[in-house]
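Observations on chain architecture
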Amino acid sequence: MHQSSTEGLLGWLARLDEKQLATVLQHRADTLLPPWPRRLDVLAARLSSNTSMSAAIEPLPAPYIQALHAVQLCFALGQDPAPIDEIARWLGAKTATVESIVDGMQDRALAWREDEGVALPEVLHADAYQQYGLGRSMADMLSALGIPELRQLSGTLGLPAKGPKRELQENLVAFYRDGDKVRELVATAPAGTRAALVEMAADGPDVENLHVEALSEASPLAWAFARALLFSTYYGTGYLALEVSLALRGPDYHLPFTPEPPELPTATVGAEHAEALASAATLRLLDRATAILDTAAAEPLPLLKDGNVGARLTKKLAKDFGASVPEIELALELLLDTQLLVAVETGPAPSGRGRKAPPRPLGLTPNDEIVRPGQAELALLLLTAWWTPSSPEYDHDLLGAAAAYHQLIVRLLAELEPGTAVTDQAAFVRMAAWRAPMLEETELAENLPVALAEGELLGVVASGALTTIGRALEHLETDEQPLRDAVGELVSRARTTALFGTDLTAIVPGSPDTRLTALLDRVADRESQGTATSWRFSPATVRRAFDQGSTAETLLEELRSIAQGELPQPLVYLVNDVARRHGEARVMNVASVVVGEDPATLAEIAAHRKLAKLGLRVIAPTVLTSTVDAAGTLAALRDAGYAPTHHEADGSIILPGTAPQPAPAAAVPEPERPYAAPPPEDPVRHASRLLAAPLSAPPLQRGQLAKAFSDRYGGRLSLDQQRVCWQLEAGQPVPVHYHEENGETSTLLLLAPELDVDVLDAWCVHENKYRRLALERIELDMS
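Residues numbered from 1 in each chain as written. Predicted model: local features only at pLDDT ≥ 70, side-chain atom pairs only at ≥ 80, totals over all residues. Heavy atoms only, no water.

**What about the overall build of the protein chain?**
Helix and strand content of the protein chain: 32 helices and 25 strands. Taking all contacts inside the protein chain whose residues are at least 6 apart in sequence as the whole, residues at least 24 apart take part in 62%. Split by element, the accessible area of the protein chain, about 41200 Å² in all, is 52% carbon and sulfur. (Helix = DSSP H or I, 4+ residues; strand = E, 2+ residues; numbered from the N terminus. Contact = heavy atoms within 4.5 Å. Areas by Shrake-Rupley, 256 points an atom, 1.4 Å probe, with all protein chains shown as cover.)

**A word on the pattern of salt bridges**
What the rule picks out here adds up to 27 salt bridges. Two residues, Arg39 and Asp41, come together in a salt bridge whose shortest N-O distance is 3.1 Å. On the accessibility criterion, Arg39 (6% relative accessible area) is buried. Given a relative accessible area of 17%, Asp41 falls into the buried group. (Salt bridge = Lys/Arg side-chain N within 4 Å of Asp/Glu carboxyl O. Buried < 20%, exposed > 50% of the residue type's maximum accessible area, 1.4 Å probe, protein only.)

**Remarks on the sheet that holds strand S10 (residues 362–366)**
Here 3 strands make up an open sheet; going across it, the order is S8-S10-S9 and the pairing antiparallel. Edge strands, defined here as strands with exactly one partner in the open sheet, are strand S8 (301–302) and strand S9 (341–345). (Pairing = 2+ DSSP bridges.)

**What to know about the sheet that holds strand S6 (residues 238–239)**
Across a sheet, paired strands are connected by hydrogen bonds in the backbone, their directions being either parallel or antiparallel. Ordered by their spatial adjacency, 3 strands build an open sheet running S4-S6-S5, and the pairing between neighbours is antiparallel. The open sheet has two free edges, formed respectively by strand S4 (206–207) and strand S5 (231–232), since each of these has just one partner strand. Examined bridge by bridge, S5 and S6 share 2 bridges and lie antiparallel to one another. Residue pairing in the sheet places Phe231 in a bridge with Tyr239 of S6.

**Details of unusual backbone geometry**
The bulk of non-glycine residues show a negative phi, and the bulk of peptide bonds are trans. Cis peptide bonds are those with omega within 30 degrees of zero, and the linkage from Pro34 to Pro35 qualifies with -5°. Mapped onto the elements of the fold, Pro35 is located in the loop between helix H2 (18–27) and helix H3 (40–48). For Ala109, which is not glycine, the phi dihedral falls at a positive 60°. Among the secondary structure elements, Ala109 is positioned in the loop between helix H7 (95–107) and strand S2 (112–114).

**A look at the confidence of the model for the protein chain**
Considering every residue of the protein chain, the mean pLDDT works out to 84; 89% of them sit at 70 or more. When the criterion is pLDDT under 50, residues 391–399 qualifies, and its contacts beyond four places in sequence or with other chains add up to 14 contacts. (pLDDT = per-residue confidence, 0-100.)

**Considerations on the pairing of strand S15 (residues 505–509)**
Judged from the 2 bridges that link them, strand S14 (residues 499–500) and S15 form a sheet pairing that is antiparallel. For Leu499, the partnering residue across the bridge sits in S15 and is Ile507. The antiparallel pairing of S14 with S15 creates a hairpin that spans 4 residues between the two strands, and Leu504 there sits at a positive phi of about 65°. Bridge count for S15 against strand S17 (residues 532–536) is 5 bridges, and the pairing is antiparallel. What sits directly across from Thr505, in S17, is Arg536.

**Concerning the packing of helix H26 (residues 552–562) against helix H27 (residues 569–581)**
Where H26 contacts H27, the two axes come as close as 10 Å, and the packing angle between them is 155°. Comparing the axis directions of H26 and H27 gives the class roughly antiparallel. For the element pair H26 and H27, the recorded crossing hand is right-handed. Contacts between H26 and H27 pair Ala552, Leu555, Leu556 and Leu559 from the former with Leu571, Val572, Val575, Asn576 and Ala579 from the latter. (Axes fitted to C-alpha atoms, helices over the stretch in contact; angles between N-to-C directions. Parallel < 35°, antiparallel > 145°, perpendicular 65-115°, else oblique. Left-handed = near helix turned anticlockwise from the far one by under 90°.)

**Some thoughts on the environment of Thr468**
Its location among the elements puts Thr468 in helix H22 (residues 468–474). Judged by its relative accessible area of 42%, Thr468 is partly exposed. A C-alpha to C-alpha distance of 9.3 Å links Thr468 and Val487, two positions 19 residues apart in sequence. Discounting residues that sit within four places of it in the chain, Thr468 has contacts with Glu275 and Ala486.

**Quick look at the side chain of Arg435**
Among the secondary structure elements, Arg435 is positioned in helix H20 (residues 425–435). Setting aside chain neighbours within four positions, we find Arg435 in contact with Pro59, Leu60, Pro61, Leu412 and Glu415.

**As for the pairing of strand S22 (residues 745–756)**
Bridge analysis of strand S21 (residues 734–739) against S22 gives 6 bridges, and the strand direction is antiparallel. Note on S22: the bridge partner recorded for Val736 is Leu748. Taking the residues that link successive antiparallel strands as the turn, the S21-S22 hairpin has 5 residues, and the phi of Gly743 there is positive, at about 95°. Looking at chain direction, S22 and strand S23 (residues 759–764) are connected through 5 bridges and run antiparallel. Counterpart to Leu750 in the pairing with S23 is Cys764. Taking the residues between adjacent antiparallel strands as the criterion, S22 and S23 are bridged by 2 residues, where Val757 takes a positive phi near 60°.

**With respect to the side chain of Asp761**
Mapped onto the fold, Asp761 is located in strand S23. Residue Asp761 is classed as buried on the basis of its relative accessible area of 15%. A polar side-chain atom of Asp761 sits 2.7 Å from a polar atom in the side chain of Arg38. Discounting residues that sit within four places of it in the chain, Asp761 has contacts with Arg38, Ala752, Pro753, Glu754, Tyr770, Arg771 and Arg772. (Polar contact = N/O pair within 3.5 Å; in protein donor to acceptor, adjacent residues only side chain to side chain.)

**A look at the packing of aromatic side chains**
Inspection of every chain in the model, using the stated rule, returns 5 aromatic pairs. Ring centres 5.0 Å apart and planes at 80° place the aromatic pair Trp763 and Tyr770 in the edge-to-face group. For Tyr770, a relative accessible area of 24% corresponds to the partly exposed category. Through a chain of ring-to-ring contacts, the aromatic side chains of Trp36, Trp763 and Tyr770 assemble into a single cluster. Between the NZ or CZ atom of Arg89 and the centre of the ring of Trp90, over which it lies, the distance is 4.3 Å. If you follow Arg249 out to its NZ or CZ, it ends over the ring of Tyr253, 5.0 Å from the centre. (Phe/Tyr/Trp six-rings, centres within 6.5 Å; stacked < 30°, edge-to-face > 60°. Lys NZ or Arg CZ within 6 Å of the ring centre and 35° of its normal.)

This is how it looks when you write it as structure tokens:
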């Protein structure tokens, strides 16, 4: 029996030419991400990893997965590599159809032709065909039996009952793999036993509700147990081996195979119309995200005690911004996923009566460690977060699980012509199940409508059709520029002016930019939105703008700067009328109050030059207000020679040492932009590099680096130096100092090291390439 394995994959890779190898690399994009595999043996190991294999299999349509199950079935029946005509027989398909699928799998290094058959990487040697009610092979089941049991079974079946265990097993396996012989055997069974076995084969492989009596000679199933047509399990159930189930299902049984996709009803909505809707949606969500960041910067947004966003908060923000709740929920999720918005502790810690005080309340605030992006960059970040699963290093991952559905709807809609929309959501789910059979159809039915709705809010989808932004997202892993260009063009096309009506409304035909939106939201209420957005002015909305610091002159000047033509007279009258009334009553903030019995003393304090910094104002003969808090006012009065006392608001005195002390202000770190990952390597160039390199090299052994550096340093390594060696061997990026030949010293971040005598061959992260570094020039101790 041939054993397909990583070694077999390496041998196949070594037989490919540059064009064929480049095709594999292009289909398996993770092999082009840094650090790139430096040789074919490293490439084979990466291709065979569970992570890489899962990423390659998940996008495959149903025929590929079904053919893979047929290959695995052949392996279970001892056919490795699997003959193509046998794969076709189990699928009930034409050989040419199977050959085409095998070619596609070979392009992805998921299978390859070998010895007139199909071989698989060892990681794909699985029993996924068991989902069709088929069990483990007879070879596996018989391996648990001892020689006496095997001899007894052989005698019962009329087979030679002598010889070594291996020979007994081979004879028995050959018998059960002959479907005709198994069916002939079952035909001799008692009628009840025969009917039960046929029924079990259709539903198997596990047969429940069997009891100990089933093993007795009086049981109708005892005949089947005695002939290994049924095996007993530890749990008291029966089990049908693979060969028995296949034989009883009949010679015409086939595995499920659906080579053609289901029909998908569509309609034409027009590319221009879809783009107009998408432009408005993207800018609208961008406006929601910007408003959330501005609001959170002024005051942290309160979270629930468990740290989640509450429905009350989303409803309040939706009302404040004139948005829908789904818009606010999606904007919050994306801002959290990009780490532009983070949860922090807010306010003083609550006083606890027990041994453990309750935690401080949590709130959302902008991340001080990330530079606030511009509008185009913010849109790019939000779209990327929606498309890409979150990094596992973060606890928050609301979108990580949903990213598979986001990518699926984009891939499916990208196959339609621009401006073509899906009209039947149930049919869309069926198509998705055919295109992504690794996902559960019930989960698809639940999650695809959600993904489509979010796509509409982001401008990825419009009226069921994929937009320019959506098509750019499809290629994000290999090229970010199309998405960047699409977003940049969308933001630049945003409207910067509005039409003002005499009915105290403002209308923006098209998509307003964030500056225009922010100004109109500040002075008017949003009434409708879509391909055009309208706002309405009222005394309350204009007063809102004045409450935020505007004056009549500045507000009218700002409105004229965005108006197409002159401002209507009614709007000018409204602004001036509200301005005349604004401030007719004033409410003032007071930090502290000074109260005394003697008006003359308080008048002296109010006029004291050394106390001018307190901003004292006389509001009554015995009452002064101060702009400084109680502690500061108290200290200033004492420094000026007075003897004040400190009191609570209810008049009770505060004894020294009982006043709460403000917490020291935390240092705000300098904002940093995240390190930008380098682009993937060109597949053709990398294929040429791989074929020119040696096929393999000895792997790095544990402790080998520490020994080499110990020899280089001429003595024992320090703990810090040993730690660096261990981290390098474990695959962690490690910084080192390197003395270059020109006399300069570089700090290099190293990955994927290999040792070649006195040279360390390693990937330099920031230089985006492998370098050969002389051990004698490397300084390990970075403490």
